Amino acid sequence: MLLVPCPHCGPMNAGDLTYNGESHRRPDPKTCTPKEWRTYLYLRENPSGWLLENWYCSSGCRKHFKIERHTLTGELRAPVLPGRKPGATQGDMK
Amino acid sequence: MSYRLPAPLGNAIDRSSAISFTWNGKKLKGFEGDTIASALLANGEHILGRSMKYHRPRGVLTADFWDPNTTVQVDDEPNVRASHRKLADGMAVSAQNVWPSLKFDVKAANGLVGRFLTAGFYYKTFMKPAKLWPTYEHVLAKFAPGGAVDLNTPHGRYDKRYAHPDVVVAGGGPSGMAAALAAAEAGSSVMLVEHEHQLGGHLLWGSDDDQVAATELAASCEAAGVEILSNSTVAGRYEDNWISISQRNHPGVIERLIKARAKTLVVAAGTIERPYVFQGNDLPGVMTSGGAQRLIRMYGVKPGTRAVVFTANESGDSAVEALQSAGISIARVVDARSGEGITSASGSKSRVKRVTLSDGATVDCDLLVTAVGWTTPTSLLNMAGDRPVYDADAARFFPAGPPDNVLATGGMVGDGSRNELIAHGRATGELAAGRAVVVRHRIQAATARATPVDGQEPDYPADERTPLDRARHPEVYRSTTHGIVDYSEDVSSKDLFSAAGEGFDSVELIKRFTTATMGPSQGKLETVNTVAMLAEARNETIAEVGTTMWRPPYAPISLGALAGRINEPTRVSVLQSWHEANGATPILAGQWVRPEHYGDPAAEVLNTRTNVGIIDVTPLGKLDLQGPDVPKLLSLLYTNKWMALPIGGVRYGLMCAEDGVVLDDGVTARLDEEHYLMTTTSSGAAKIWHWIEMWLQTEHPDWQVHVTPVTTGLTSINIAGPNSRELLGRLTDDIDLDPDAFPYMNVRRGTIAGVENCIAWRIGFTGELSYEIHVPSGHAVHVWGQLLEQGADLGVKAFGLEAQRIMRLEKGHFIVGQDTDGLSKAPVTGLNPLLKLDKDDWAGMPEVAWTIESGDHPVIVACQPDNGSVVPEEAAQILRAGTTEIVGRITSSRMSPTLNRSICLAQVTKEFATPGTSLEVLLVSGERITATVQEHHAHFDPEGARLRG
């Protein structure tokens, strides 16, 4: 089982977290087309490589956080997000 | 005659403790420490089972966990490994896969027609015609191997454990013990896992010095605080060293699954001796050199009287010494290193009698011992991503290089004397401990709430171990004849050659086609021989063929261990003891144990409608919301408007998921300027809490809202019925219950039965005048008791969930998840006035808007069967009259005690939703009845006069 580093609780068993899937932008509900909305609801990139994901520390601190995971190697790294300093990874547990 | 050898041979058995057991009904004796197989051999019983396809007699081959043909039935437990399971007093052991008896087996005729049972026989023969499959299945099932399952066997006790050791060592031979000891001495917490019953590995059947060294190392491990798990198997290694361990020796449970998160994993699984492929290699009396030595030195059992030894290595030489020490005469030593060989063994049905050598000579014997080389069980390394590489000079596979947090030691990586193996193990243990320290530092540093780490991260120790040498070994896989490759699946080298001839050129494919390596030993004995046969058949090298992918589990785990103990946690309200004492029939609703009724739900309904009833509704999800931005949050999550809810107001709201499907519903009250109390459905409490957190944290982190779940902190009691105002009035002084001061859909806070900080709101799921009170749970028993005491003359009685469900159905209130499902978008509910499309945003709004625009959705309607005595089953289909076209279904149905007739809610297509429409309902019995769509959802008091009074 993957160890996923919660920014607050540290490395957690993936099973103790809730996986909320690929990170995606929510379209403006007032102006979006059905295609845009359903892409947001159902369609995922599912790349072979780095993927920005949403995780929820549901059995721990209840923080929602994003992490980048390499779908081929299982490697994890902290994403560079707006308003956050690029820097050390959130923890390389290997 | 007894085949038991005198002491000191037999270091695993205790001759002072005799054990009685039966074998196919016959009374036999063994000793404490015997395996079932060693005890049987000591009694001269050398046929332990019959092979899967050909029903050939089979005996002990390896005398350890992997022994392929010694599975037996023990009491009501099938498929027990006789060469591993320790004998216990009173065991009733019997052979399985035999009929009518072990010695005379009718199915052995399969052996005569063996050529029809070659690889792919089942695939090819039973393909067509498909309609005959049931017949084929019926006949083949009788020929399937395995013991008898007793369906009346009581539930066994299994368990799980979670562990966080620094180092897990898989394998308790000299290198594994040395690694565990060194890691423990370096300060690591260590689990040492050995799948046999005692630590020692090959030292246990080695020289006297070896046996002493094994005992000393095991004692040192114990003294150093190593947690020793014997008769346990490291079954799998997953991401980030998540290790599954099947523990078979934990007291009180049959098997325990340990899930360990190790910082470093040391794999010291040793090597497994390969059988040799030649004609007659499965005769009882043919065994590996390790098997013979284990029987003699560990169990004090004489495996034969006159032996031929075919050896290509030191293990064969050592076996010769062991045989001599047991007084077995050595008829011939055939040495592969000087070009000698054997071509076949023959015998009676039950035992080897003669061996033919490569030079044509024949030697009589009743025991043939082979020592032809080793398989490296790299399974755990494979699971860590390692792809082993074949070394032709050493005639075995070696790991290519596992990841940094997995270290291999011992026979898996090379050969050496006992002291060299121990030295390599020690170096590995020290390295494992050093790396574990760094991993621990990283985990602690990455955990904000952990104790801050001291200083800099230590250097990650480099691997500076002196590698073990690889002993040269001749490649000895198959003679000039064909023999069995997979003993448990009855696959011969001939099968593999013919499959290769048919074009199966990949080892992964040939494995699946022939089932070689797919039996209970999971390829431990068979994989490399399979690869070697394919290489030979295709005239390739073993390195070119490569090996199969070894996946978890390393050894089979029982399903019971995977399931663990039966443990379904339930929740109860603080009033549960009162419910139980007062005759409540319990019902499990989600996780909650609730009173379904107290004897007569219909009477409870009538009493509530006539007098007053109280119900414990604590499971109702309750979320305390505080902060200036709560109205924004409510507007986002509910479909209706919330910006202008006054203090003291209560409002109903419907929630949708982003796909427009109804997610939950409930009422929310504004208690104060920035303080709200939200209720959710009982089953939705946790889900909605997560839902709120997600919106607040991801889409609107700037909003100031605090969410606190208070579901069990407040005990909720609904007081319903015409006398409810009078009853509550007797218990409170500071809440003005006058209908003008406290109208419907309002909330007040005050003191109830002397308990401060209670919340009361006027809402009505039952359709009666009712007050729902939320009481701090510590005082709930008192308040409940006061309601019953003070209301005795008002006719107050408790009512259960069933009465509430009847009353809500009489009022036509839908239940999320009962009357809606995963396809029910909000307009299905018919609550269109609450779907405010003029708001800027709410969860699911676009889908709801498009659904309303298209008009293409079913709707919930109330309907009544024309024959009021018939209650259609919930989920009964509604059909277009006279056809089988489904146009809807009954979602809720009950007999109404108030109306004295059956009533329903249903989902139907719009065509059938108009009041007065006749519906045709198909009952489970097959009968069709008619029902009529009602004007209102409420069957009773549609104007709500009682509620608002």
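Residues numbered from 1 in each chain as written. Chains lettered and ligands numbered in written order. Predicted model: local features only at pLDDT ≥ 70, side-chain atom pairs only at ≥ 80, totals over all residues. Heavy atoms only, no water.

Concerning the interface of chain A and chain B
Stage number 1. Listed per partner, the contact involves 31 residues of chain A and 34 residues of chain B.
Stage number 2. Across the chain A/chain B interface, buried area totals approximately 2,800 Å², and carbon plus sulfur atoms make up 53% of it.
Stage number 3. Between chain A and chain B we count three salt bridges in total.
Stage number 4. For the salt bridge of Asp841 of chain B with Arg26 of chain A, the shortest nitrogen-to-oxygen distance reads 2.8 Å.
Stage number 5. For the pair chain A and chain B, the number of links is 15 residue pairs in polar contact (both at pLDDT 80 or more).
Stage number 6. Where the side of chain A that touches chain B is concerned, the elements lending two or more residues are β1 (3-6), β2 (10-13) and α1 (34-42) of chain A.
Stage number 7. Among the elements that make up the side of chain A that touches chain B, the one with the highest residue count is α1 of chain A (six residues).
Stage number 8. Looking at the side of chain A that touches chain B, its residues break down into 16 nonpolar, eight polar and seven charged. (Contact = heavy atoms within 4.5 Å. Buried area = accessible area lost by both parts, 1.4 Å probe. Salt bridge = Lys/Arg side-chain N within 4 Å of Asp/Glu carboxyl O. Polar contact = N/O pair within 3.5 Å; in protein donor to acceptor, adjacent residues only side chain to side chain. Helix = DSSP H or I, 4+ residues; strand = E, 2+ residues; numbered from the N terminus. Nonpolar A, V, L, I, M, F, W, Y, C, P; charged D, E, K, R; others polar.)

Describing helix α22 (residues 801-810) of chain B
All names here are of chain B.
Stage number 1. Where burial is concerned, most of α22 is hidden: nine out of the 10 residues are buried.
Stage number 2. All of the buried residues in α22 are Leu801, Glu802, Ala803, Gln804, Ile806, Met807, Arg808, Leu809 and Glu810.
Stage number 3. Lining the buried residues of α22 we find β30 (585-589), β31 (592-597), α17 (601-610), β32 (612-616), β45 (886-896) and β46 (901-908).
Stage number 4. Of the residues one or two after α22, Gly812 is the one with positive phi, at around 75 degrees. (Buried < 20%, exposed > 50% of the residue type's maximum accessible area, 1.4 Å probe, protein only.)

Describing the confidence of the model for chain B
When pLDDT is low, close inspection of the predicted coordinates is not appropriate.
Stage number 1. Residues of chain B with pLDDT of at least 70 account for 95%, and the chain-wide mean is 93.
Stage number 2. Note that residues 112-116 of chain B has pLDDT below 50 and, in this model, two contacts with residues that lie over four places away or in other chains. (pLDDT = per-residue confidence, 0-100.)

Description of the state of the cysteines
Stage number 1. The full count for this structure, using the stated rule, is zero disulfides over all chains.
Stage number 2. Cys904 of chain B provides the cysteine sulfur closest to Cys863 of chain B, a residue in no disulfide bond, and the two sulfurs are 4.4 Å apart. (Disulfide = S-S within 2.5 Å.)

Section: unusual backbone geometry
Stage number 1. In this model, Ala7 of chain B is joined to Pro8 of chain B through a cis peptide bond whose omega is 10 degrees.
Stage number 2. Locating Pro8 of chain B in the fold gives a position in the segment before β1 (14-23).
Stage number 3. Here the amide bond leading from Pro552 of chain B into Pro553 of chain B is cis, since omega sits at 0 degrees, within 30 degrees of zero.
Stage number 4. Although it is not a glycine, Arg62 of chain A sits at a positive phi angle of roughly 65 degrees.
Stage number 5. A positive phi angle is found at Thr515 of chain B, which is not glycine, with a value near 65 degrees.

A few points about helix α19 (residues 685-699) of chain B
Stage number 1. Taking 1.5 Å as the rise per residue, α19 of chain B with 15 residues should run 21 Å; its terminal C-alpha atoms sit 21 Å apart, in good agreement.
Stage number 2. Among the residues making up α19 of chain B, those that are buried are Ala685, Ile688, Trp689, Trp691, Ile692, Glu693, Trp695 and Leu696 of chain B. (Expected span 1.5 Å × (residues − 1).)

Brief notes about the nonpolar core
Here is a general trend for soluble globular proteins: nonpolar side chains tend to be buried in one another's company.
Residue and element names in this part refer to chain B.
Stage number 1. Judged by nonpolar contacts, the single largest core of 48 residues is most densely connected at Phe21 and Ile36.
Stage number 2. Ranked by residue count, the leading element in this core is helix α1 (residues 36-42), at six residues.
Stage number 3. Excluding its chain neighbours within four sequence positions, the residues that come into contact with Ile36 are Val72, Val74, Val80, Ala82, Arg85, Leu87, Met91 and Val93.
Stage number 4. Counting 29 residues, the second largest nonpolar core, distinct from the first, contains Ile735, Ala753, Ile773 and Ala798. (Core = buried A, V, L, I, M, F, W, Y, C linked by side-chain atoms within 4.5 Å.)

Considering the confidence of the model for chain A
Residue and element names in this part refer to chain A.
Stage number 1. Of all residues in chain A, 84% attain a pLDDT of 70 or more, and the chain-wide mean is 84.
Stage number 2. When pLDDT is averaged over each element of chain A, α1 comes out on top at 95 and strand β6 (residues 76-77) at the bottom at 89.
Stage number 3. Overall, residues 83-94 carries pLDDT values under 50, and its contacts beyond four positions in sequence, including any with other chains, amount to 27 contacts.

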